[in-house]
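The primary structure of each chain is shown beneath.
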Amino acid sequence: MGEILVEVATDIPFGHGVPAQLGISGDALNVAAAAAAAGARTGLLAILPDDDLGKAIAARIAELGIATDLLTFRPGQQGVYLVHSDPLGQREFSYARSGSVGSTLGPSDIDESVFASAGAVLAGGIACAISESSRTAVFKAASLAQRFIYDPNYRPRLTTASAAARALAELAPQAYLVTPSFPGETSALLGVSSAEAAAAKLLAMGAAGVAVTCGAEGVHLASPELSEWVPSVPAPAVVDQTGAGDAFVGTLAARLVLGDPLPQATRYGAAAASLVVGGKGGTGFIPTFEQTTAHAEGQPVCA
């Protein structure tokens, strides 16, 4: 669940006359696309504009294998962001999303029977930050879910560290899994200096499980019964790091719901994330699960 965005991507920094490619992205869509590709039956709760652009976005969502039943169309302005592809991950996004139709998502948009019966419900800190109604919707979803998976996805342009930390503290006790990144999010939201300390603090807050992503160092997993490092999977090619974290979360969640143990699901998530960076944009390349499996096993993958 969350906000869908139109993506305007360039290969070089912005300027008049620079050629650009339009895409459909946003963390919620990127996560859902990865979950669908990993084999899960996936729906996406989002609000789209009731115009031709909204229809085009819905068509792309369906093209990615995501059910469109939970989409709602209403009058409003579609959110947009501009970004130039950056292999080093140091890119700057420029957003036009304030008051977007996507930010009107609210608790009344949640079908309680759907959310209570879903194998997992995924939401992130961006959905908590874009509006009060969206934040309330995330909290309602967490209260209904059998497995609530929360990616803090802290964005300083959208919210303060203190507000993001409060949301994390309130949602952690309802979370089946929390997926913060180290060191940025763990330092800003938890005030700790190691992945192990971040996991321990989230478990103490009441989270059932934690997967701390640590870039090239891998992923630190923790639960009351488990403490384990899952190594990273080197990327065959790096074109654009947009959406890599979302691919990790979506793939991991899908494989958990489908019965894989947490370390194996995490390995698949890491493999999917390292393949996604070979494409341009948030959904420029979504690997099939066969490609992800081959990559996780060290086999060559043809995009």
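The coordinates are above.
To start, this report covers the structure provided alongside it. (Residues numbered from 1 in each chain as written. Predicted model: local features only at pLDDT ≥ 70, side-chain atom pairs only at ≥ 80, totals over all residues. Heavy atoms only, no water.)

Glancing now at the overall build of the protein chain. Within the protein chain one finds 11 helices and 12 strands. For 303 residues, the compact-globule estimate of 2.2 N^0.38 gives 19 Å, and the C-alpha radius of gyration of the protein chain, at 18 Å, lies within 12% of that figure. When its C-alpha atoms are laid out on the principal axes, the protein chain stretches across 50 × 45 × 35 Å. The 303 residues of the protein chain split such that 52% are buried. Element-wise, carbon and sulfur atoms account for 55% of the exposed surface of the protein chain, whose accessible area totals about 12600 Å². Averaging the coordinates of the 16 positive side-chain charges in the protein chain and doing the same for the 27 negative ones gives two points 3 Å apart. (Helix = DSSP H or I, 4+ residues; strand = E, 2+ residues; numbered from the N terminus. Rg over C-alpha atoms; globule rule 2.2 N^0.38 Å. Buried < 20%, exposed > 50% of the residue type's maximum accessible area, 1.4 Å probe, protein only. Areas by Shrake-Rupley, 256 points an atom, 1.4 Å probe, with all protein chains shown as cover. Lys, Arg positive; Asp, Glu negative; His and termini not counted. Charge placed at Lys NZ, Arg CZ, Asp CG, Glu CD.)

Looking now at the layout of surface pockets. As a volume, the second largest pocket reaches approximately 770 Å³. Forming the walls of the second largest pocket are 36 residues, and the residues nearest its centre are Arg41, Thr42, Gly43, Ala118 and Ala120. Those elements giving two or more residues to the lining of the second largest pocket turn out to be helix H1 (27-37), helix H3 (112-117), strand E7 (121-124), strand E8 (148-151) and helix H9 (244-257). When its residues are assigned to classes, the lining of the second largest pocket shows 23 nonpolar, 8 polar and 5 charged. (1 Å grid on protein atoms, 1.4 Å probe; cavity = no way out; pocket = protein on both sides within 12 Å on 5 of 7 lines; lining within 4 Å. Points joined across faces, edges and corners; volume = space filled by probe spheres on them. Nonpolar A, V, L, I, M, F, W, Y, C, P; charged D, E, K, R; others polar.)

As a rule of thumb, nonpolar side chains are buried together in soluble globular proteins. The biggest cluster of nonpolar side chains holds 39 residues, and the ones touching the most others in it are Met1, Val138, Phe148, Leu171 and Leu202. Those elements that provide at least two residues to this core are E7, helix H4 (125-129), helix H5 (132-144), E8, helix H6 (161-171), helix H7 (184-190), helix H8 (195-205) and strand E10 (210-213). In this view, Phe148 contacts Val121, Ala123, Val138, Ala142, Leu171, Gln174, Ala175, Tyr176 and Leu177; residues no more than four positions away in its chain are not counted. (Core = buried A, V, L, I, M, F, W, Y, C linked by side-chain atoms within 4.5 Å. Contact = heavy atoms within 4.5 Å.)

Moving on: the pattern of salt bridges. A full pass over the atoms with the stated rule returns 7 salt bridges. Glu112 serves as the salt-bridge partner of Lys140, at 3.3 Å between the closest nitrogen and oxygen. One end of the pair, Lys140, is in helix H5; the other, Glu112, is in helix H3, with 28 residues separating them in the sequence. For Glu112, a relative accessible area of 43% translates into the label partly exposed. The partner of Arg255 in a salt bridge is Asp260, with the nearest N and O atoms 2.8 Å apart. Judged by relative accessible area, Asp260 falls into the buried class, the value being 17%. Salt bridges linked by common partners bring Glu132, Arg135 and Glu170 together as one network. (Salt bridge = Lys/Arg side-chain N within 4 Å of Asp/Glu carboxyl O.)

Taken across its 5 residues, strand E11 (residues 219-223) has 5 buried, putting it largely inside the fold. Side chains Val219, Leu221 and Ser223 project from E11 onto one buried face, and the interleaved His220 and Ala222 project onto a second face that is buried too. Here E10 hands over to E11 after 5 residues, with Gly215 in that stretch at a positive phi of 60°. (Pairing = 2+ DSSP bridges.)

Right, let's get into unusual backbone geometry. With an omega dihedral of 10°, the bond running from Phe182 to Pro183 counts as a cis peptide bond. In this structure, Pro183 sits in the loop between strand E9 (177-178) and H7. Phi angles above zero are rare outside glycine, and Asn153 is one such case at about 40°. If you trace the backbone, Asn153 turns up in the loop between E8 and H6.

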